[in-house]
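# Analysis of the macromolecular model
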Protein chains: 2
Amino acid sequence: MTKPTLSCVLLVVLAALAVTARAARPVGLKHVEASTLTLCGQLMPGNPNPYHRVDTVRFKGFTRAENLQVRESAGLAVAFKTDSRVINVRTVYGQYQSPVNTTGIAARGYDLYVRRDGTWRYAGSGCKSDQRLLLGEDLELVANMDGSMHECLLYLPLFAEVDSVQIAVEASARIEPLPRPFRHRIGVWGSSFTHGTGVSRAGMTYVAQLSRLTGLEMLSLGCSGHSKLQPYFARVLAAAQVDAFLFDCFSNPSPGEIRERLLPFIETVRQALPGIPLVFQRTIRREGRNFNLKADSLEAAKIAVADSMMALACRRYSDVYYITPSATPPDHLSSVDGVHPDDYGYTLWARSLRGQLLPILKKYGIE
Amino acid sequence: MTKPTLSCVLLVVLAALAVTARAARPVGLKHVEASTLTLCGQLMPGNPNPYHRVDTVRFKGFTRAENLQVRESAGLAVAFKTDSRVINVRTVYGQYQSPVNTTGIAARGYDLYVRRDGTWRYAGSGCKSDQRLLLGEDLELVANMDGSMHECLLYLPLFAEVDSVQIAVEASARIEPLPRPFRHRIGVWGSSFTHGTGVSRAGMTYVAQLSRLTGLEMLSLGCSGHSKLQPYFARVLAAAQVDAFLFDCFSNPSPGEIRERLLPFIETVRQALPGIPLVFQRTIRREGRNFNLKADSLEAAKIAVADSMMALACRRYSDVYYITPSATPPDHLSSVDGVHPDDYGYTLWARSLRGQLLPILKKYGIE
């Protein structure tokens, strides 16, 4: 849901406060637009707004909700190095959503990692409250660093359209693009699971975790609730330049939609991108099945149709694969809302993918 | 932050919508006030509002923020059995908060478990969006159950004051209090960690998880940001009837406050409740330390003072203990915001407590 409900009175108050806030901003910082650094995770680079995942002027057919989703910055991250002791971020938002099953930090905030001993280590995360957001203040992600050069990876908001993302560092500090920290280009198209619903920070989606775990660049186009094998999405994917595709497309569609749309979907992508591996994921277990007999049988039906259609697809097409990830720990406690995993569920998902996906990609020289 | 910003115009619209919503409520359901069933987790039973954790008319000295927090239903759960195929909940909210580091589901929503094979298994969770909340609609937690008798445990909101919680079941179904599913009474006083900041559902606090893991009834009085060994909190705790106390009180206070307040705090509780074990927890690792040198040294100083004061306290008082929980996985990825763990961090915390706390409690016949 967008946030159009702030009254005019409130806006006037906020505008007045904004003047004060701007005056109170820390002096001695300089701001650098994130898109001038190394932007990672872009399935379709070169969009007029660099933080849009799809150019909605070029690609048509989306519903109103999808149109917003493909413009959200989910899955994007900016890689840079700096010797600043402070790292802030300032955002100009287009729209943002506030899902009840995902933190504000993940939805409209930021998640910063710094490389230490070859590993991306958590460094800071946060967002402003609704009340503070319109003031245009910087968000402080980390302060009091040691002043040596650090390699940084900053994940952008999952459920926000951003028109500008400025990274603020000390005026005297260096800030430079980092050489691309991930190899190859693996497109990932999917549902709310790929979008990141349920996580507490943008870097905890299974896609982001898998990138950090493997060093492979995952290019996420998750559209919560809308990964239904639509032909207009197939046309977007067919126009992408990637070395492989990973699909999470059996969570949202009905059994009938899977039966009707899967093969034409594969046909469109296959024709445009012959010879690259197309890896489909079985949908994960939804904990909402546990006591709801109807949800249980609907899930079983969806999975049965996907299984049988994928068996057909794997016979008909070469380089098409079907794998089974898991986001379920032994105690089944990783569900936020009966559908979406929490951070740990997504960690398990990423780990389960690594074991199955890497051997497939390796056959294509992707490693 | 409370939500006083809805304009009058919006309230009128919502009131109008509410009429429609009430008319549209599912027919054939009956509503039972949760407090007439088995309310678990109450440190101070018998409050005029049964979902308040502390009677703020009886106990004074709280700041405005603390006054709200002790009235929030964090840590409370209602145990019942029913053969209804549907379980809904209807809430009358007093106030609620919307922290950016915690989901709406955890802050103002519900988390339902059903006992299966002796284990509390996730059954459903959710909350209404801000826009739907004021309509007074039922929230559906689970539907299409099998109609046999089930034992249920429903966790109440963490960051909401609730004036009424009605559980809705089919009109023809039975709903009865469950015999108390947890043994003994262990008071837990603490910070945002005990309150549950960072979780995705109310049942994922370390306190709730520890109750389910051990079968012991944990009575939570977590007050985010305000667990500072204040004398007026000691007076509340001294008036509670418990078999043991577990404290998470070294996260919020400054080193100076720890030095000054710890021994008088123990003295107050000790005099009122002689002979029961008082178990203090060392504060967990905050991931915000990773690159922030100032945060790192402040944390180190706080922990050093707590360690030395607790060494003194353990010498001076019998039945006082100091243990070290951990919420940190090997990859350090369990932090929501540099301070608070996510669900998995709290799972690790609960598991680490079990091993250290149970042997202490056993010495007092608490097992």
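Residues numbered from 1 in each chain as written. Chains lettered and ligands numbered in written order. Predicted model: local features only at pLDDT ≥ 70, side-chain atom pairs only at ≥ 80, totals over all residues. Heavy atoms only, no water.

In this numbering, the UniProt entry assigns the feature "domain: SGNH hydrolase-type esterase" (unreviewed entry) to residues 185-352 of chain A. Helix makes up 43% of residues 185-352 of chain A and strand 15%, with an end-to-end C-alpha separation of 20 Å. (UniProt positions renumbered as here; feature names shortened; annotations may be inferred. Helix = DSSP H or I, 4+ residues; strand = E, 2+ residues; numbered from the N terminus.)

This part covers the interface of chain B and chain A. On the side of chain A, 53 residues touch chain B, which itself brings 53 residues to the contact. At the boundary of chain B with chain A, total buried surface from both sides reaches about 4,200 Å², with 57% on carbon and sulfur atoms. Our enumeration of links across chain B and chain A arrives at two salt bridges. Here Asp331 of chain B ties to Arg351 of chain A by a salt bridge, and the two come within 3.8 Å at their closest N and O atoms. One can count 23 residue pairs in polar contact (both at pLDDT 80 or more) joining chain B with chain A. (Contact = heavy atoms within 4.5 Å. Buried area = accessible area lost by both parts, 1.4 Å probe. Salt bridge = Lys/Arg side-chain N within 4 Å of Asp/Glu carboxyl O. Polar contact = N/O pair within 3.5 Å; in protein donor to acceptor, adjacent residues only side chain to side chain.)

Our next topic: the sheet that holds strand 7 (residues 139-142) of chain B. What links the strands of a sheet is backbone hydrogen bonding, and the strands pair in either a parallel or an antiparallel sense. All names here are of chain B. With antiparallel pairing, four strands are arranged side by side in an open sheet as 1-9-4-7. Strands with a single pairing partner mark the edges of an open sheet, and in this sheet they are strand 1 (29-33) and strand 7. Taken pair by pair, the neighbouring strands of this sheet meet at an average axis angle of 35 degrees, ignoring direction. Both strand 4 (residues 87-96) and strand 7 contribute to a ladder of three bridges, which runs antiparallel. Note on strand 7: the bridge partner recorded for Ile87 is Val142. (Pairing = 2+ DSSP bridges. Axes fitted to C-alpha atoms, helices over the stretch in contact; angles between N-to-C directions.)

Below, the discussion takes up the side chain of His195 of chain B. Residue and element names in this part refer to chain B. By the secondary structure assignment, His195 is in helix 5 (residues 192-195). Among the polar contacts listed, one links the side chain of His195 to the backbone oxygen of Gly222, at a separation of 3.2 Å. If sequence neighbours within four positions are ignored, His195 has contacts with Arg53, Gln69, Glu72, Ala74, Leu158, Phe159, Thr205, Gly222, Cys223 and Ser224.

This paragraph deals with the packing of helix 8 (residues 255-272) of chain A against helix 9 (residues 293-316) of chain A. Residue and element names in this part refer to chain A. For the pair helix 8 and helix 9, the least separation of the axes is 9 Å and the interaxial angle reads 25 degrees. On the basis of the axis angle, helix 8 is roughly parallel to helix 9. Of the two elements, helix 8 crosses helix 9, and the hand of that crossing is right-handed. Residues Pro255, Ile258, Arg259, Leu262, Leu263 and Ile266 of helix 8 form the contact with helix 9, whose own contacting residues are Leu298, Ala301, Lys302, Val305, Ala306, Met309, Met310, Leu312, Ala313 and Arg316. Looking at the contact of helix 8 with helix 9, its residues break down into 13 nonpolar, no polar and three charged. (Parallel < 35°, antiparallel > 145°, perpendicular 65-115°, else oblique. Left-handed = near helix turned anticlockwise from the far one by under 90°. Nonpolar A, V, L, I, M, F, W, Y, C, P; charged D, E, K, R; others polar.)

Bringing the domain arrangement of chain A into the picture now. Residues and elements named next belong to chain A. Each assigned domain of chain A is listed here: domain 1 (26-177) and domain 2 (183-362). Averaged C-alpha coordinates put domain 1 and domain 2 at centres separated by 25 Å. If you look at the interface, domain 1 gives 36 residues, while domain 2 gives 37 residues. Together domain 1 and domain 2 conceal approximately 2,700 Å² of surface at their shared face, both sides included; 62% is due to carbon and sulfur atoms. When the buried area of domain 1 at its contact with domain 2 is split by residue, Leu43, Asn101 and Tyr155 rank highest and sum to 23% of it. On the surface where domain 1 and domain 2 come into contact, there are one salt bridge. Taking the shortest distance from any N to any O, the salt bridge between Arg201 and Asp111 comes out at 3.1 Å. Where domain 1 packs against domain 2, one counts 18 residue pairs in polar contact (both at pLDDT 80 or more). Residue assignment for the side of domain 1 that touches domain 2 shows that the elements contributing at least two residues are helix 2 (64-69), helix 3 (104-108), strand 5 (110-116), strand 6 (119-126) and strand 8 (150-155). Each residue belonging to the side of domain 1 that touches domain 2 can be placed in one class, and the counts come to 20 nonpolar, 10 polar and six charged. (Domains from an automatic or database assignment.)

Let us look at the side chain of His52 of chain B. Residues and elements named next belong to chain B. Here His52 is to be found in the loop between strand 2 (38-40) and helix 2 (64-69). Exposure remark for His52: the relative accessible area of 12% places this residue in the buried category. A distance of 2.8 Å separates polar atoms of two side chains, one belonging to His52 and the other to Glu161. (Buried < 20%, exposed > 50% of the residue type's maximum accessible area, 1.4 Å probe, protein only.)

Before going further, it helps to spend a moment on the sheet that holds strand 12 (residues 216-222) of chain B. Residues and elements named next belong to chain B. Taken in spatial order, the five strands of this open sheet run 12-11-13-14-15, and their pairing is parallel. Every interior strand has two partners, whereas the edge strands, strand 12 and strand 15 (320-323), have only one. Pairwise comparison of adjacent strand axes, ignoring direction, gives a mean angle of 20 degrees for this sheet. Across four bridges, the pairing between strand 14 (residues 278-281) and strand 15 is parallel. Each bridged residue has a counterpart across the sheet, and for Leu278 the counterpart in strand 15 is Val320. Across the sheet, helix 8 (residues 255-272) lies against strand 11 (183-190), strand 13 (244-248), strand 14 and strand 15, angled at about 150 degrees from strand 14, the strand it touches most.

Moving on to helix 6 (residues 206-214) of chain A. Residue and element names in this part refer to chain A. Of all the nine residues making up helix 6, eight are buried; the element is thus mostly covered by neighbouring parts of the structure. Tyr206, Val207, Ala208, Gln209, Leu210, Ser211, Arg212 and Thr214 are the residues of helix 6 that are buried. At the exit of helix 6 stands Gly215, carrying a positive phi of roughly 80 degrees.

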